Amino acid sequence: MKVLFFSILIPALLPVVLVLFYVWHKDKNEREPMSVILLTVFFGAVVSFVAGPVELAIEKLLVLFLNIDSVGYSLVENFFGVALVEEFLKWLIIMIFIWQNKNFDHSYDAIVYTVASSLGFAAAENIGYIIAYGKSVAISRALFAIPGHASFGVFMGYFVAKAKLASVNGRPRGAKLLLSVAVPTMVHGIYDFLLSPAAETLSFSGFFTAYVIVVDVASFFLIRSQFKNDRVLKEVSE
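Residues numbered from 1 in each chain as written. Predicted model: local features only at pLDDT ≥ 70, side-chain atom pairs only at ≥ 80, totals over all residues. Heavy atoms only, no water.

1. Focus on the overall build of the protein chain
1) Next: Across its full length, the protein chain holds 8 helices and 0 strands.
2) Next: Each helix and strand of the protein chain, placed in order from N terminus to C terminus, yields the pattern α-α-α-α-α-α-α-α.
3) Next: Whereas a compact globule of 238 residues would reach a radius of gyration of roughly 18 Å, the protein chain reaches 18 Å, a difference of no more than 12%.
4) Next: Referenced to the eigenvectors of the C-alpha coordinate spread, the extents of the protein chain come out at roughly 50 × 45 × 30 Å.
5) Next: Going through the 238 residues of the protein chain one by one, you find that 48% of them count as buried.
6) Next: When the accessible surface of the protein chain is split by element, carbon and sulfur atoms take 70% of a total near 12000 Å². (Helix = DSSP H or I, 4+ residues; strand = E, 2+ residues; numbered from the N terminus. Rg over C-alpha atoms; globule rule 2.2 N^0.38 Å. Buried < 20%, exposed > 50% of the residue type's maximum accessible area, 1.4 Å probe, protein only. Areas by Shrake-Rupley, 256 points an atom, 1.4 Å probe, with all protein chains shown as cover.)

2. Quick notes on the layout of surface pockets
1) Next: Considering only enclosed or pocket space, the largest pocket measures out at about 640 Å³ in volume.
2) Next: Every residue lining the largest pocket is counted, 25 residues in all, and those nearest its centre are E86, E125, Y129, R141 and H149.
3) Next: Those elements that place two or more of their residues in the lining of the largest pocket are α2 (34-62), α3 (71-98), α4 (109-133), α5 (138-168) and α6 (174-193).
4) Next: Among the elements that take part in the lining of the largest pocket, α4 stands out by supplying 7 residues, more than any other. (1 Å grid on protein atoms, 1.4 Å probe; cavity = no way out; pocket = protein on both sides within 12 Å on 5 of 7 lines; lining within 4 Å. Points joined across faces, edges and corners; volume = space filled by probe spheres on them.)

3. Here we look at the packing of α2 against α4
1) Next: Close contact between α2 and α4 brings their axes to 7 Å; oriented N to C, the two are set at 45°. The angle between the axes of α2 and α4 places the two elements in the oblique class. Handedness of the crossing formed by α2 with α4: right-handed. On the side of α2, the interface is formed by V36, I37, T40, V41, G44, A45, V47, S48, F49 and A51, while α4 contributes V112, Y113, A116, S117, G120, F121 and A124.
2) Next: Grouping the constituent residues of the contact of α2 with α4 by class yields 12 nonpolar, 5 polar and no charged. (Axes fitted to C-alpha atoms, helices over the stretch in contact; angles between N-to-C directions. Parallel < 35°, antiparallel > 145°, perpendicular 65-115°, else oblique. Left-handed = near helix turned anticlockwise from the far one by under 90°. Contact = heavy atoms within 4.5 Å. Nonpolar A, V, L, I, M, F, W, Y, C, P; charged D, E, K, R; others polar.)

4. Comments concerning the environment of K228
1) Next: Its location among the elements puts K228 in helix α8 (residues 208-228).
2) Next: Taking the C-alpha atoms as reference points, K228 and K26, separated by 202 residues in sequence, lie 10.0 Å from one another.

5. Concerning the side chain of T185
1) Next: Summarising the element assignment, T185 is placed in helix α6.
2) Next: Looking at T185, the relative accessible area reads 9%, which means it is buried.
3) Next: In this structure the side chain of T185 is engaged in a polar contact, spanning 2.7 Å, whose partner is the backbone oxygen of V181.
4) Next: Apart from the residues lying within four places of it in its own chain, the contact partners of T185 are F79, A83, L84 and E87. (Polar contact = N/O pair within 3.5 Å; in protein donor to acceptor, adjacent residues only side chain to side chain.)

6. Topic: the pattern of salt bridges
Two side chains with opposite charge may pair up if their charged atoms get near one another.
1) Next: This structure, assessed with the given rule, holds 1 salt bridge.
2) Next: Between K90 and E87 there is a salt bridge whose closest N-O contact spans 2.9 Å. Residue K90 and its partner E87 are located together in helix α3, separated by 3 residues, close to a single helical turn. Residues K90 and E87 agree in their burial class; the two are buried. (Salt bridge = Lys/Arg side-chain N within 4 Å of Asp/Glu carboxyl O.)

7. What about the environment of V217?
1) Next: With respect to the element layout, V217 can be found in helix α8.
2) Next: Classification of V217 as partly exposed rests on a relative accessible area of 40%.
3) Next: Placed 167 residues apart in sequence, V217 and V50 show a C-alpha to C-alpha distance of 30 Å.

8. Details of the environment of I139
1) Next: Looking at where I139 falls in the secondary structure, it is placed in helix α5.
2) Next: Exposure remark for I139: the relative accessible area of 62% places this residue in the exposed category.
3) Next: As for I139 and I94, which are separated by 45 residues in sequence, their C-alpha atoms are 29 Å apart.

9. Remarks on the packing of aromatic side chains
A ring pair, where both rings are aromatic, is described by two values, the distance of the centres and the angle of the planes.
1) Next: Within this structure, the stated rule accounts for 12 aromatic pairs.
2) Next: Residues F144 and F208 carry aromatic rings whose centres are separated by 5.4 Å and whose planes lie at 40° to one another, so their mutual orientation is tilted. Residue F144 is found in helix α5, and its partner F208 is found in helix α8; the two are separated by 64 residues along the sequence.
3) Next: Note on F144: relative accessible area 24%, which makes it partly exposed.
4) Next: We classify F208 as buried; its relative accessible area is 9%.
5) Next: Members of the aromatic cluster, connected to one another through ring pairs, are F144, F152, Y191 and F208.
6) Next: Just above the ring of F121 sits the side chain of K90; from NZ or CZ to the centre is 5.2 Å. (Phe/Tyr/Trp six-rings, centres within 6.5 Å; stacked < 30°, edge-to-face > 60°. Lys NZ or Arg CZ within 6 Å of the ring centre and 35° of its normal.)

What follows is the structure in structure tokens.
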């Protein structure tokens, strides 16, 4: 049990806990109940097990139409076969369990919950990677994958908040909900593509670290901006 705890759970979950605590603690107006946060994290972890088979099925379908070594295959797989699948599942948790939840009553709450959903997914994924490849991958996952998933969640939360604001004010929310899936999918897709063999062939792989830094910094400032502009949802008008 101690081996499991120190070899797998701590390396896999510590960066997740630290990032989630930062986002949650930033909300000094009215922090979200930890029970709801943990439930969101749990469902985020659950859908990671759904994502795998779906991604595998899409991969098998794609090889019927595209050359597996082609740039086109890599683009479609990373953007639609991986990023869209994962971001949609994380988003679905928010729509099913959080959208109508009474605790979702401030605009900043959207970021707290979408990041929780994303980090739940990342936590389960992290455990899988460490079991498969050992603790050697823990540092790279902590530096890149965990902040990456958190950043995807921040972009999602920004547009979910916009959609909720539109909804409570009786305005159309469809376009904003679409963006709440499309934008993190695009950011996630570029992230994955830059790690692919196709990106290396095109000499794009060298941009990966710079891209991650830009995305993480943008997310950090977006969190600060959204917190500073946090409002009770029913009092906000666009």
